[in-house]
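# Descriptive structure summary
This is what each chain is made of:
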Amino acid sequence: MQFNGFRVIWEGLTGHKGWKPLWRDPEPQPEYDIIIVGGGGHGLATAYYLANTFNELKVAVLEKGWLGSGNIGRNTTIIRSNYLLPGNEPFYEFSMKLWEGLEQEFNFNAMVSQRGILNLCHSDGQRDAFRRRGNAMRLAGADAELLDQDAVRAMYPALNIDNARFPIKGGLLQRRAGTARHDGVAWGYARGADRKGVDLIQNCEVTGFRIDAGRIKGVETSRGYIGAKKVGVAVAGSSGRVMAHAGMRLPIESHVLQAFVSEGLKPVIDGVITFGAGHFYVSQSDKGGLVFGGDIDGYNSYAQRGNLPVIEDVAEGGMAILPMLGRARLLRAWGGVMDMSMDGSPIIDKTHIDGLYLNAGWCYGGFKATPASGYAFAHLLSTGRPHETATQMRLDRFARGYPIDEKGAGAQPNLH
Amino acid sequence: MTRISGGLIDRSRTLSFTFEGKRYEGHPGDTLASALMANGVRLVGRSFKYHRPRGIFAAGSEEPNALVTLRSGARAEPNTRATTIELYDGLEAVSQNRWPSLAFDALGVNDLASPFFAAGFYYKTFMWPKAFWEKLYEPLIRRAAGLGALGGEPDPDAYDKGFLHCDLLIIGGGATGLAAALTAGRAGASVILADEDMRLGGRLLMESHALNDAPAVDWVQGIEAELESLPNVRILRRTTIFGSFDHGIFGALERVGDHLLRPETVRQTLWRITAKRSILAAGATERHIPFASNDRPGILLGGALRAYVNRWGVTPQAKDSDRIAIFTDNDDGHRTAIDLVAKGIPVLAVIDAREDAQRLGEYQLYKGATVTGTQGRLGLSSIDITQNGLTRTLECAVLGVSGGWNPNLHLASHHRGRPVWSQAHSAFLPPEDLPQGMAVAGAAAGHGSTHAALRSGAQIAAQLSECKPAELPLAEDAPHRQTPLWHVPGKTRAWVDFQNDVTVKDIALAHRENMRPVEHLKRWTTLGMATDQGKTANVTALAVMAELTGKTIAQTGTTIFRPPYTPVALGALGGGDSGVHFRPTRLTPTHPFAVQRGAPFVEVGQWLRAQYFPLKGETHWRESVDREVLAVRSGVGLCDVTTLGKIDVQGTDAGDFLNRIYCNAMASLKVGKVRYGLMLREDGFAYDDGTCARLGEQHYVVTTTTANAGLVYRQMEFARQCLWPDLDVQLISTTDAWAQIAVAGPKSRELLSRVVEADLSNEAFPFMACAETRVCGLRARLFRISFSGELAYEIAVPTRYGNALMARLMEVGADLGVTPYGTEALGVLRIEKGHATGAELNGQASAQMLGMGRMVSTKKDSIGAVMSRREGLMADTRRLVGLMPQDPQARILAGGHLFAPEAERKTETDLGWVTSACWSPHLNSYIALGFLTDGEARLGETVIVANPLEGDEAPCKIVSPHFIDPEGGRLRD
Amino acid sequence: MLIPHPLLGLRDAQEFTYLGDASLLNRPDTGTDADPEAFFAYTHLRDNPAGVHRELWFHEQGDRSWLVVTRNTLTHEILGAELASDVKRGLA
């Protein structure tokens, strides 16, 4: 079924009797060519591109809970390609280009909205670092602008520029960045994959891998054994747990990141703003809620919830740059489990087990990467070769000394 | 007017307020909701999606409909529930999400178009043409969306934060909480009793039941008085425990000044309460029953209707003769009718869906009947009652709906414990795995009767406090009798979630489209996402979905709760330390001197440092900075460098320890000498640099960069305690103990010899010497080290004398032209000399890149040495180089990227970047430092500094990073 | 969170700075001929358990002790805390 405005009107006039399930609930088949473990954003996107772009015919996604229940279901919806390093920036810019045509491609309105992201700077040193980054973006074909204080003031008059502990000196603006409706992305990919014949199997937890002579044979699941020629794991947040079934230890720790949404308000913040001297970023959803967040809590956690000090810290950051926020109310706080990698950058690679592939380590930046991650992982799974924008996202880069360390924080995950 | 007798309002005093600009009157004890009701105001708000007219639906914080913007201007509080606003004199409130007026809202047209606005419709359209989403559709949606508006000005109110500790936190001050507090308080436990309401009593204030044959409020006041008298009990009224966090920590919001025209002190206080044990006694929230057109003003929860009658002496009638009906599936609904009859209010009927319903009072009962329709544009005028297939329409202005009660178990589920469905209670009960130290009592645990609630509160408190339960009053103990009716089937829209306009049809559509898991249902329909977080909707929606799928509610699933219980102002969470108080400010010892000299200051981490010291007549910062730089190069300058981290290292193994900390050797350093040191991270990249001075056999002083002072100290303590605890070494940070002033320039020796009581000749105190000495009679430390490349010293005195030392040096050096210099000149001087700072030591650089590869000793183990020899680090040919523009006036900016002259400007051909740049007054040229691929091999070649971001490019010659005195002769003279 | 400091009693976790897995105590003891593989594993690979985790916290706003805290990463329940120097010396 094709979605469009006429269809919505027709169904509205005829009592919505004609809508069909967005996807099937198939029983698992005995064997697939490719199994994707994890029905979050990256897993669903991978399945979609495998079926749609790489013409893989027998693909299944196995999801422990409900589709989109990974971090795609709880994030702050920002899309951007404002990275610094050559190992990252071309990949994220590829992702941005995929975002730009995504909805028409999979016929689902994921509300991709290029409202711009403004990173505020508060010192000459920060401005210099932004200039280096902005130039790196431009060199990779992305857009970037360096704003001075007046331009920032004109763009967001409500910002506290003058009476601030760390006065705002300017900012780095990427106009093509913005937000997308996170659930819509998951559902768009899921529906698109289903329409191409991918089996999306919910409530199916992978409990082990069957490996024979260094080669993957299939997966053990809560719904029985399922054979597979290749298995791609995309379970960010639980990567360590799942790959332990294959005897692997990863350069990853699981951490909790909290995020927040306010009550619905009339439009007050047009794009995304990030505070450079505290841990705070904010945007406003189409429904009116301010969506904001800050730093991770900082300790290893799978609890999917955080603690009060970080909530206060984030709110302090918000009050510091937007003192009008004092009268807005926090409606909901939630915590997601992040794959925090040792250099702050992701892994899309083969493993030492033939046919077992890993997509992991997205830290708190996985949402914006969803299209490129899916595409690059599908490319790797189908062709055996890394996608040209993901050649540095290797598992062995840590041992060999080729980290992709945007922050220069070293092998301490909670600093990235 | 619909004020009736009774209630807990103070009729002797009148409060004046406005709603929609119109003036009304109420009494102390009123909420805005009860006061509006008393004035016959029925239409209070508009719904989110369809802009349907809405009235007051509840009597507490679960209110989905009656949202207003309270106050105005910078104090405007959007989305405030009229049901929780305590009336005060001069209160102003306006409705929201309507235009041009509440009674006539143009976007009410959305309601007519509602067939096209079904659940998830926006995912299916607005995709063509592509550009229209951002240019047309989305702007329209955004304008229509949102509820109230922020004032847009800085919040003018003050907020406070505090910490409280107790043996027992009791959440909720109703019957259960009071019984628990009495029990634990009498036993001597330290108790905090918190309630979101303005007064204690909970549902006891809203019911007509007697306790010990007297009005319940008498008992409440007696207990309250006793609790007030106990020094170990603290009562927090107007305080919401909004979140349960780890290890017995709770977040609490006390609304200190929200019931006043202006706060007297702070508006709100955020308490962090640490409780050894807690009792959740938060009561229950009533459900409604969805039926056709069930959202009109005048339709409200049965329990809320009873609350308005009993506590506030008011009804939602427009006039006294208006008739009130009750629709229920349980006995509790009948109570409302009984109370109404007792007050002489005309009751049309009780419509009970149960075939076996019993009449419990003097009113007409329709058994096995349902409400199947309503009429009335801006307020209810009549209802359709269907019984035995027969429908009759009866005039009726108010309808109370009672669908049973959901325990308020939210906080019990904040640690992700899943509520458990109980068929007997027709409700979810608290999870098995409760937060640490928590117990749940009273209606929150499913004990619905007053007697059961009292008993449960007292018993649990007695268990926790190991004492006897308090003596309890006689109270009603009616059984829970309900046959749940989850919705009345029909073709017309029946609302489940009022605020977000989610109807039974939307749930059916979600079911048809296979959005059946609870989380899909919520996200597809936006159920429970409104400001009330679905308090009156979620369980009902789940039950409707269960019915559609043919599963039980338990099989269909549940949803957990997350903080906050009710929305919390960001001002309270983040306030108190806003504006310039966002972070602490650290001042250098010579701050008064710099202020006196009119220096502008720059934030360096938490420090404020003087940027430069302008002289009269200087009109541009560059003038001052150039002058300061040249003064250092030709005379003598003074700069406060206290902010550099200082760590004292002592012990018999101090040298061995520092050998392991620095990549270069330190144990071999002679007493009275200083050595430059480079620290690596364990992953092999450069971490921090500084000097290491050996003041005695077992005594070293280490300096760090300003930014890393705390981090290096932490890392050194890690090495000391976690890696090598058997070494005899002790560490202490002395950054704040010593004021340190750099005295730099060819005349620095002459200046210092006037105040230092020691021989400063080159022979006695050569380059890289250090000593403990005296200056102006003070204990002092002197180091002959140089960041500027000139003959230079750093002198340290106890911090409190730093400003005086600066003044003395200025005084005694006046004839030498002594010049104070700030961070800007410091930066120029170090770039001219090619010293690295944070711009180069950015965590991404290796020792090799910095030109210090050979410093990493292979003769000893040190942190990071092994990993610094990884393939990728060794193969990296980027090196720190100097850059001189071909045109000396061509401004180079840090952050430009480096390219071979003919190369295309793109990622693949990028050769590096500029780390630091400045105007060098000494060289009369812009100069820069940068990391360049094959940097060493390219010395003498030309490279382009490209800055596509700002559209400029400059060809530069690649030179040594040491622009000044590369042989170091000036340092050693 | 509250951390039971072995010397100071229950302290708010906000006084502490977190580092990570207590395996960081076990730096390969190499002298100068180190095994790069062992160092790679030490610096980069983690068990990252969903359950009981021994981890390092620094009492930065307190007595500057490094502690080994045993904590459940699924529930955040804390099962114990020792001085890291005692653990390293084999005393705890």
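Residues numbered from 1 in each chain as written. Chains lettered and ligands numbered in written order. Predicted model: local features only at pLDDT ≥ 70, side-chain atom pairs only at ≥ 80, totals over all residues.

Okay, the interface of chain A and chain B next. Contacts between the two partners involve 90 residues from chain A, matched on the other side by 98 residues from chain B. Elements that contribute at least two residues to the side of chain A that touches chain B include exactly α1 (5-13), α3 (89-106), α4 (124-139), α6 (182-195), β12 (252-264), α8 (308-321) and β16 (329-341) of chain A. The biggest single contributor to the side of chain A that touches chain B is α4(A), with 9 residues. Here the side of chain A that touches chain B is composed, by residue class, of 41 nonpolar, 26 polar and 23 charged. As paired elements, β16(A) and strand β31 (residues 568-569) of chain B share 2 bridges and run antiparallel to each other. Each bridged residue has a counterpart across the sheet, and for Arg329(A) the counterpart in β31(B) is Ala569(B). (Contact = placed C-beta atoms within 7 Å. Helix = DSSP H or I, 4+ residues; strand = E, 2+ residues; numbered from the N terminus. Nonpolar A, V, L, I, M, F, W, Y, C, P; charged D, E, K, R; others polar. Pairing = 2+ DSSP bridges.)

This part is about the interface of chain C and chain A. Across the contact, 18 residues belong to chain C and 22 residues belong to chain A. The element contributing the most residues to the side of chain C that touches chain A is helix α1 (residues 36-44) of chain C, with 3 residues. Within the side of chain C that touches chain A, the residues separate by chemical class into 6 nonpolar, 9 polar and 3 charged.

Let's shift gears to the packing of helix α9 (residues 504-512) of chain B against helix α11 (residues 538-549) of chain B. All names here are of chain B. Remark: α9 packs on α11, axes separated minimally by 10 Å, with the N-to-C direction vectors making an angle of 45°. Classified by the angle their axes make, α9 and α11 are oblique. Seen from above, α9 lies across α11 with right-handed handedness. Together, Val504, Ile507, Ala508 and His511 of α9 and Ala541, Val544, Met545, Leu548 and Thr549 of α11 make up the contact between the two elements. Here the contact of α9 with α11 is composed, by residue class, of 7 nonpolar, 2 polar and no charged. (Axes fitted to C-alpha atoms, helices over the stretch in contact; angles between N-to-C directions. Parallel < 35°, antiparallel > 145°, perpendicular 65-115°, else oblique. Left-handed = near helix turned anticlockwise from the far one by under 90°.)

Here we come to the sheet that holds strand β7 (residues 91-94) of chain B. Residue and element names in this part refer to chain B. The strand order across the open sheet built from 5 strands is β2-β1-β7-β5-β6, with neighbouring strands paired in mixed fashion. With partners counted over all chains shown, the strands left at the sheet margins are β2 (22-26) and β6 (77-81), one partner each. Across the sheet, the mean angle from the axis of one strand to that of its neighbour is 40°, orientation sign disregarded.

Residue and element names in this part refer to chain B. Each neighbour pair has its own omega, and for Trp128 with Pro129 the value is -15°, a cis peptide bond. With respect to the element layout, Pro129 can be found in the loop between α2 (109-112) and α3 (132-144). Going from Pro563 to Pro564, the amide bond is cis rather than trans, its omega being -5°. Residue placement: Pro564 occurs in the loop between α12 (553-556) and β31. Here the phi dihedral of Asn212 falls at roughly 50°; this positive angle occurs in a residue that is not glycine. As for its placement among the helices and strands, Asn212 is situated in the loop between β10 (210-211) and β11 (214-215). For Asn212, a count of 13 C-beta atoms within 10 Å gives the class partly exposed. Despite not being glycine, Cys776 shows a phi value in the positive range, around 50°. With 16 C-beta atoms packed within 10 Å, Cys776 lands in the partly exposed category. (Buried ≥ 20, exposed ≤ 12 C-beta atoms within 10 Å, placed from the backbone.)

With that settled, the discussion passes to α9(B). All names here are of chain B. Those residues of α9 that sit buried are Val504, Lys505, Asp506, Ile507, Leu509 and Ala510. The elements touched by buried residues of α9 are β29 (495-497), β30 (502-503), α10 (518-525) and α11. Asn514, located one to two residues past α9, shows a positive phi value of around 65°.

Turning to the domain arrangement of chain B, a few remarks are in order. A common way to report how large an interface is uses the accessible area buried once the components associate. Residue and element names in this part refer to chain B. Taken domain by domain, chain B consists of domain 1 (15-112), domain 2 (159-285 + 407-465), domain 3 (288-403), domain 4 (586-643 + 737-830), domain 5 (645-733) and domain 6 (877-972). Here domain 4 and domain 5 have C-alpha centroids that lie 25 Å from each other. The partner domain 5 presents 10 residues to the 12 residues of domain 4 that form the contact. By residue number, the principal contributor to the side of domain 4 that touches domain 5 is strand β42 (residues 770-775), which donates 3 residues. When the residues that make up the side of domain 4 that touches domain 5 are grouped by side-chain class, the tally is 9 nonpolar, 2 polar and 1 charged. (Domains from an automatic or database assignment.)

On to the environment of Val595(B). Residue and element names in this part refer to chain B. Within the fold, Val595 resides in helix α14 (residues 591-596). Residue classification places Val595 among the partly exposed positions, given that 13 C-beta atoms sit within 10 Å. Distance from Val595 to Gly789, taken between C-alpha atoms, is 28 Å for residues 194 residues apart in sequence.

What follows concerns the sheet that holds strand β43 (residues 778-783) of chain B. Residue and element names in this part refer to chain B. One open sheet holds the 6 strands; their spatial order is β42-β43-β44-β41-β35-β45, and the pairing between them is mixed. The outermost strands of the open sheet, each flanked by one partner alone, are β42 and β45 (819-820). Relative to strand β44 (residues 792-798), β43 runs antiparallel, the two being bridged by 3 bridges. Bridged to Leu782 within β44 is Ile795. Running at roughly 20° to strand β41 (residues 738-744), helix α19 (residues 802-812) makes contact with β35 (637-640), β41 and β44 of the sheet.

Counting 325 residues, the largest nonpolar core has Ile35(A), Val37(A), Leu168(B), Ile170(B), Ala180(B) and Ile279(B) as the members making the most contacts within it. In terms of residue count, helix α9 (residues 366-383) of chain A provides more of this core than any other element does, 9 residues in total. Once residues lying within four places of it in the same chain are set aside, the contact partners of Ile279(B) are Leu168(B), Ile170(B), Ile171(B), Ala180(B), Ala439(B), Ala441(B), Ile460(B) and Ala461(B). (Core = buried A, V, L, I, M, F, W, Y, C linked by C-beta atoms within 7 Å.)

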